[in-house]
Amino acid sequence: RIESKAPFTTSTLQQEASTKLGFNAKKTMSLAQKLYEGVDIGTETTGLITYMRTDSLRVSSEAQAAAREFIGERYGEEYNTESPRIYKSKSGAQDAHEAIRPVKVSLEPSKIKTYLTSDQFKIYKLIWERFIASQMESAVLATVTADFESAGYIFRASGYTVDFPGYMALYEE
């Protein structure tokens, strides 16, 4: 069983955006700042993410409930955990702000893509998917290992199959 990762903090967002998108920390924070301040999405100008300078992993119960409702409707109840996932912040973490998450789960990245720049969309999608995945059931993998002998040497091959994708149905780490 592989449990999903927590929603983003400032540092984990910067790390993931660097790894997955090739964005440096300054670019990531500039894009996140704009998403926080507000984007015109046709009917209104709205902030799309919570405050992006945080080292807290706390998430409001309303946001958890919205994520769980979305997961149940989109993926099925087997993708929801028995109870909402609570992540513990490191001791000494400033807890004034929540973890970085979408303000409204219903604003799926694909629904607002046309209102965002390409880079804003990439960051928003990363934040949105990581938050939803953080509330999903663990992935279950089965590991397979095979040893082969040839000319007195032993060769090992290993891999895995996915028994239940869980959060990996949405977010690959």
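The rules behind each value
Throughout, a residue's number is its position along its own chain's written sequence, starting from 1. Predicted model: local features are reported for residues with pLDDT of at least 70 only, side-chain atom pairs are reported and counted for 80 or more only, and whole-chain, interface and lining totals are derived from all residues. To get the side-chain values, all heavy atoms of the structure are used, and hydrogens and water are removed first. A run of H or I in DSSP becomes a helix once it reaches four residues, and a run of E becomes a strand once it reaches two; helices and strands are each numbered from the N terminus. The buried label applies to any residue whose accessible area, calculated with a 1.4 Å probe on protein chains only, is under 20% of its type's maximum; exposed applies above 50%, and partly exposed to all values in between. Residues count as neighbours in contact if any of their non-hydrogen atoms are within 4.5 Å of one another. One less than the number of residues in a helix, times 1.5 Å, gives the span that helix is expected to have. It is the directions from the helix axis to the C-beta atoms that the arc portrays. A pair is scored as a salt bridge if a Lys or Arg side-chain nitrogen falls within 4 Å of a carboxyl oxygen belonging to Asp or Glu. Surface patches are drawn from residues lacking salt bridges whose relative accessible area is over 30%; two like charges belong together within 9 Å, two nonpolar side chains (Val, Leu, Ile, Met, Phe, Trp, Tyr) within 5 Å. We get accessible surface area from the Shrake-Rupley algorithm with a probe of 1.4 Å; when it comes to residues, only the shown protein chains can shield them. Counting rule for charge: Lys and Arg are taken as positive, Asp and Glu as negative, and neither His nor the chain ends is counted. Think of each charge as sitting on NZ of Lys, CZ of Arg, CG of Asp or CD of Glu.

Before going further, it helps to examine the overall build of the chain. When helices and strands are counted, the chain shows 5 helices and 4 strands. Written out in order from the N terminus, the α and β elements of the chain read α-α-β-β-α-α-α-β-β. Dimensions of the chain, computed from the C-alpha atoms along their principal axes, are close to 70 × 40 × 35 Å. Among the 173 residues that make up the chain, the fraction classed as buried is 43%. Within the chain, contacts between residues at least 6 apart in sequence are counted, and of these 72% link residues at least 24 apart.

What follows concerns helix α1 (residues 10–21). One full turn of an α-helix is made of 3.6 residues, so residues set three or four places apart face in the same direction. A rise of 1.5 Å per residue sets the reference length of α1, with its 12 residues, at 16 Å; its end C-alpha atoms lie 16 Å apart and thus fit the reference within 8%. Taken together, the buried positions of α1 are Thr10, Leu13, Glu16 and Ala17. In an axial view of α1, the angular spread of the buried residues amounts to 135°, which keeps them on one side of the axis. Across from the buried face of α1, at angles greater than 90 degrees, the exposed residues are Gln15 and Thr19. In this fold, the buried residues of α1 make contact with α2 (25–37) and α5 (118–134). Residue Gly22 follows α1 closely and has a positive phi angle near 75°.

Relative to the assigned elements, Leu48 resides in the loop between β2 (45–46) and α3 (61–74). With 121 residues separating them along the chain, Leu48 and Ala169 place their C-alpha atoms 23 Å apart. Not counting residues up to four positions away in its chain, the partners in contact with Leu48 are Leu35, Val39, Ile41, Arg101, Pro102, Val103, Leu107, Ile112, Leu116 and Tyr124.

Below, the discussion takes up the pattern of salt bridges. Counted according to the given criterion, the structure contains 12 salt bridges. Here Arg74 and Glu108 are joined by a salt bridge, their closest N and O atoms 2.9 Å apart. With Arg74 in helix α3 and Glu108 in the loop between α3 and α4 (109–112), this residue pair connects regions lying 34 residues apart in the sequence. Glu108 sits in the buried class, given a relative accessible area of 9%. Among the charged side chains, a salt-bridge network with shared partners connects Glu16, Lys20 and Arg130.

Taken together, the side chains of Glu69, Glu73, Glu77 and Glu78 make up a negatively charged region of the molecular surface. In this fold, Glu77 is placed in the loop between α3 and α4.

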